[in-house]
Amino acid sequence: MAGAKISTCLPPNANPTQAAIAYGCRALPKLNEELQSDDLLTRQKALTALCDLMHDPEHVYTAISIGCLESLKALLKDTNDLVRIKTTEVLCVMATHNVGREGFLEHSVIRALSFLLNDPQSACRENLYTAFKHLAQVPAGALGIVNSGLIPSLVWKLQREEEEIQVLLLDTLAACLMEDATEALASRAVPFLKEKLLSTNSDIRSKAARTLTAVSVPLEGKIQVWQHDVIPILVHLLKDREEEVQANAAGVLMNAAVTTGGKYAALDAEATGPLLQLLTSSLSKARLNAIKALTMLAEAPEGRKLLQSHVATFRLLEELQPAVQRAAQIAIKVIEWKP
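Note that this is a predicted model, so its numbers are computed, not measured.

**A look at the UniProt feature "domain: Condensin complex subunit 1 C-terminal" (unreviewed entry) in the chain**
Within this structure's numbering, the places UniProt gives as "domain: Condensin complex subunit 1 C-terminal" (unreviewed entry) are residues 68-194. The distance from the first to the last C-alpha atom of residues 68-194 is 41 Å, and the span holds 75% helix and 0% strand.

**With respect to the pattern of salt bridges**
Tallied over the full model, the rule gives 15 salt bridges. One salt bridge in this structure joins Arg 205 and Asp 240, with 3.0 Å as the shortest N-O distance. Of this pair, Arg 205 sits in helix α14 (residues 202-215) while Asp 240 sits in the loop between α16 (231-237) and α17 (243-256), and the two are 35 residues apart along the sequence. Like Arg 205, the residue Asp 240 is buried in the burial classification. The salt bridge involving Arg 315 is made with Glu 336; its shortest N-O contact spans 2.9 Å. In this pair, Arg 315 is assigned in helix α22 (residues 311-316) and Glu 336 in helix α23 (residues 322-336), connecting sequence segments 21 residues apart. Note on Arg 315: relative accessible area 39%, which makes it partly exposed. A single salt-bridge network, built from bridges that share partners, covers Lys 133, Asp 171, Lys 207 and Arg 210.

**What about the side chain of Ser 187?**
Within the fold, Ser 187 resides in the loop between α12 (182-186) and α13 (189-196). At 2.7 Å, the side chain of Ser 187 and the backbone oxygen of Glu 183 are in polar contact. Ignoring anything within four residues of it in the chain, the contact list for Ser 187 reads Pro 152, Val 155 and Phe 192.

**Description of the UniProt feature "repeat: HEAT" (unreviewed entry) in the chain**
According to UniProt, the positions carrying the feature "repeat: HEAT" (unreviewed entry) are residues 230-266. Helix makes up 76% of residues 230-266 and strand 0%, whereas the separation of the span's terminal C-alpha atoms amounts to 10 Å.

The rules we used
- Residues numbered from 1 in each chain as written.
- Predicted model: local features only at pLDDT ≥ 70, side-chain atom pairs only at ≥ 80, totals over all residues.
- Heavy atoms only, no water.
- UniProt positions renumbered as here; feature names shortened; annotations may be inferred.
- Helix = DSSP H or I, 4+ residues; strand = E, 2+ residues; numbered from the N terminus.
- Salt bridge = Lys/Arg side-chain N within 4 Å of Asp/Glu carboxyl O.
- Buried < 20%, exposed > 50% of the residue type's maximum accessible area, 1.4 Å probe, protein only.
- Polar contact = N/O pair within 3.5 Å; in protein donor to acceptor, adjacent residues only side chain to side chain.
- Contact = heavy atoms within 4.5 Å.

Structure follows, in structure tokens:
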């Protein structure tokens, strides 16, 4: 005769490291209470559960409205490594949503995260920089990071972090410096980024060049790029095996060559040849940056003389995308200009 038997196995799909989620609208308030628990295991399980829920922007909105961000800010100071790692992971997921980014700015989460820049756990720092990267994707978020006074610290950390984290830092800096590069220029960002252009990692080379493009928008940045002898390295990168690196290097030259010093530094480094080769690149960005850089060089008599025999090449570009077409037409006018 059959008898009742209680299994010793866990229920299917049960996660012993995750807190049980309450039903319906009670789920997030209960987790918020558990985040404030004195019991370490309870806090850890609540964070694991919350991390899964934060992939839904509606849950992010609800979590912010009931005060979860304040609970998470408190947990950033927890002495337990796993709690800090999971807390930064939750915030990282929240930062992928626009409502989460707005919550960061309204609840001063940037400042709370900044205290973990020197955290001994690399996973914690990686989550932190990923959250900053997501936040910087919107102008208000990038400006929030700049206004928090973190740019000098991020530039300094660029020299000391692991390569995976350097990539995240460069993404963040590139977006932030488009808003304001003043603090970065005062923190020797150009010499630091110059070193990254020589990295064996193509991602780092590409993103360092993109960050230099942002740094070289203001006049002081343009001046520093040629004063620190970055231009010969950029000309070398125009022949890099990665097209993205080539495109970004051309973007920096486009900005730096606006000044007279930048023009002649590029001409001395024989930039015209590699830039002309980029006109046939498969990347539209590379072609556009190359055309604009060559236009800047053509403003110098020596550059104009070098490019006069290549006007036909620019005329072929008039049949491409509107932005490339307009840039090519301007380049032809500058090259053919006669005093």
